[in-house]
Structures are given as structure tokens and as C-alpha cells.
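Each chain is listed here by its residues.
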Amino acid sequence: MDFEILKKLLTVFTAEDIIYALAKCDKKNLYTILKLDSREIWEIFSKTPFEDIKRKLAFDKNCPEEILRKLAEDKSEYIRESVAANANSSEDILRKLAEDDSWYVRKNTVVNANCPEDIIRKLAEDNTRYVRMCIAVKSNCPEDILRKLAEDEAWIIREDIAGRPDCPEDVLRKLAEDETERVRKVARAKLKCWVHFQ
């Protein structure tokens, strides 16, 4: 669909009518429009009442930062979660989302490759184990956080730490004596491999 045609349609129909027609009747047209580089089109779509469309916008790698910023304040946690997962979300957007009430949003914030280290450190103390689990498997997890999570109350996080390829040997030795069998098995298997290959 041509941008000029869309502008003409907007003089006759509301943006919501056009969005509904495109999104509900022909998904290909929606993707065609989203590929156009027009702030006006992104702005129109960001105001839609349809949550599924806003989620697509929030996930889209081409979504402009100002639209991501608006969507980061949406009342729907699913839309904020999508913004948190977007690789184009800026550091300041991620900082805001790290404070979100929804653990889904905080989890996606920490999974984002652009998540700054200070936020990783802060969320390593999150009340929700799923957020901490995401940090435990994050490839750029700082070693001091990794060591701290090796003592986490949730055994599954300790198991994740034991399974990391970069888990320090002293941490593995400690986890090999963990109270939970699954953690011990993972740590002991890794230690056995180390001994075998040395």
C-alpha cells in the first residue's frame, strides 16, 4: 500500500477503521505498511486500541524510539514486555522497564542484550526467581553476580549456574555438595569433564 493512498484514506476513514480493516482482514497489508519508513504511520498504529497490533509494533526491530517510549508506558503489561524485548529499546527505556510492577516486563528487560550492567546487578536481587533465572543464564553475567546467584534460595538458579560453561571451579566444587540432588549432579558432571580433559 502506498503512503499517499493511506493519507487519502485517512481523510475519509478514521485511523482505527483503517487499522481494523488491514489488521483483521489482510495481515500482509499490515506488514507492508509497517515496513514503510514513516513516523506518521508508526504514530497512527501506536494509537490503535488493538493490543495485538501494538505488540507487533513493540516487537518490531524498525519501531522508532519515540514510539517504543510511548509503548513502554502502555497499560498492558504484554505490550511493555514486548518493548523490553525489543533490541532497539534504549538504555533509558530499559531502566524505566526494570522498575515495572510486572515480573514479565522485568524478565524481558534483563534478557535484552542492551540491558546495562547496573540493571543486571539490581535485578539479580529481584523477588521473582524467574527474573533471577534469566540473569543466571545471561552470557555477560558479571562473575560476582554469578557467584552470588550460586547461593540463591531457588535450586533451579543454582542448577543454571552449575551448568554455565564459565562457572568458576571453586563455585562448581561448592555446588557439587549442594543440598539439591539436581544441582549436585550438574556440578559433579562438569567437574568430572574437567578432570577428564585436563
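Residues numbered from 1 in each chain as written. Predicted model: local features only at pLDDT ≥ 70, side-chain atom pairs only at ≥ 80, totals over all residues. Heavy atoms only, no water.

Q: So what exactly am I meant to see when it comes to the overall build of the protein chain here?
A: Scanning the protein chain for helices and strands turns up 15 helices and zero strands. Expressed as a percentage of contacts within the protein chain between residues at least 6 apart in sequence, the contacts between residues at least 24 apart total 44%. Element-wise, carbon and sulfur atoms account for 51% of the exposed surface of the protein chain, whose accessible area totals about 11100 Å². (Helix = DSSP H or I, 4+ residues; strand = E, 2+ residues; numbered from the N terminus. Contact = heavy atoms within 4.5 Å. Areas by Shrake-Rupley, 256 points an atom, 1.4 Å probe, with all protein chains shown as cover.)

Q: What should I look at first to understand the packing of helix 7 (residues 77-85) against helix 9 (residues 103-111) in this one?
A: Geometrically, a packed helix pair is captured by the angle between its two axes and the distance between the axes. In the contact formed by helix 7 and helix 9, the axes pass within 7 Å of each other and the chain directions differ by 10 degrees. Taken together, the axes of helix 7 and helix 9 are roughly parallel relative to one another. Contact residues: Glu77, Arg80, Glu81, Ala84 and Ala85 in helix 7; Tyr104, Val105, Asn108 and Thr109 in helix 9. Tallied by class, the residues present in the contact of helix 7 with helix 9 amount to four nonpolar, two polar and three charged. (Axes fitted to C-alpha atoms, helices over the stretch in contact; angles between N-to-C directions. Parallel < 35°, antiparallel > 145°, perpendicular 65-115°, else oblique. Nonpolar A, V, L, I, M, F, W, Y, C, P; charged D, E, K, R; others polar.)

Q: What am I meant to see in the packing of aromatic side chains here?
A: To describe a pair of aromatic rings, you give the distance between the ring centres and the angle between the ring planes. One pass over the structure, following the stated rule, counts two aromatic pairs. Seen in terms of ring centroids, tryptophan 103 and tyrosine 104 are 4.2 Å apart; in terms of plane orientation they differ by 20 degrees. Their pairing is stacked. Tyrosine 104 gets classed as partly exposed once you look at its relative accessible area, which sits at 34%. With a centroid separation of 4.9 Å and an interplanar angle of 25 degrees, the aromatic rings of tryptophan 103 and tyrosine 130 are classed as stacked. Taken together, the residues tryptophan 103 in helix 9 and tyrosine 130 in helix 11 (residues 129-136) connect sequence positions 27 residues apart. A connected cluster of aromatic rings, assembled from ring pairs, spans Trp103, Tyr104 and Tyr130. (Phe/Tyr/Trp six-rings, centres within 6.5 Å; stacked < 30°, edge-to-face > 60°. Buried < 20%, exposed > 50% of the residue type's maximum accessible area, 1.4 Å probe, protein only.)

Q: Explain helix 11 here, please?
A: An α-helical turn contains 3.6 residues, so a residue and the one three or four places further along point in the same direction. Here helix 11 lies mainly inside the structure; six of its eight residues are buried. Residues of helix 11 that are buried: Val131, Arg132, Met133, Cys134, Ile135 and Ala136. Those residues of helix 11 that are buried are in contact with helix 9, helix 10 (117-123), helix 12 (143-149) and helix 13 (155-163).

Q: Could you clarify how one ought to interpret the packing of helix 9 against helix 11 in this entry?
A: At their nearest, the axes of helix 9 and helix 11 sit 9 Å apart, and the two run at 10 degrees to each other. If you check the angle between helix 9 and helix 11, you find them roughly parallel. Of the residues in helix 11, those touching helix 9 at Trp103, Arg106, Lys107, Val110 and Val111 are Tyr130, Val131, Cys134 and Ile135. Of the residues that constitute the contact of helix 9 with helix 11, the class distribution is seven nonpolar, no polar and two charged.

Q: Looking at this structure, how should I read the side chain of threonine 109?
A: Among the structural elements, threonine 109 can be located in helix 9. With a relative accessible area of 0%, threonine 109 lands in the buried category. Once you skip the residues sitting within four places of it in the chain, threonine 109 turns out to touch Ala84, Leu94, Leu97, Ala98, Cys115 and Ile119.

Q: Would you mind showing me how to read the nonpolar core here?
A: In a soluble, globular protein the nonpolar side chains are often hidden away together inside. Of all hydrophobic cores here, the largest spans 29 residues; its most connected members are Val110, Leu123, Ile135, Leu149, Ile161 and Leu175. Among the elements of the structure, helix 10, helix 11, helix 12, helix 13, helix 14 (169-175) and helix 15 (181-197) are those that each provide at least two residues to this core. At five residues, helix 11 tops the list of elements feeding residues into this core. Apart from residues lying up to four places away in sequence, leucine 149 is in contact with Ala124, Arg132, Ile135, Ala136, Ile157, Arg158 and Ile161. By size, the runner-up hydrophobic cluster in this structure holds 16 residues, among which are Phe45, Ile53, Leu71 and Val105. (Core = buried A, V, L, I, M, F, W, Y, C linked by side-chain atoms within 4.5 Å.)

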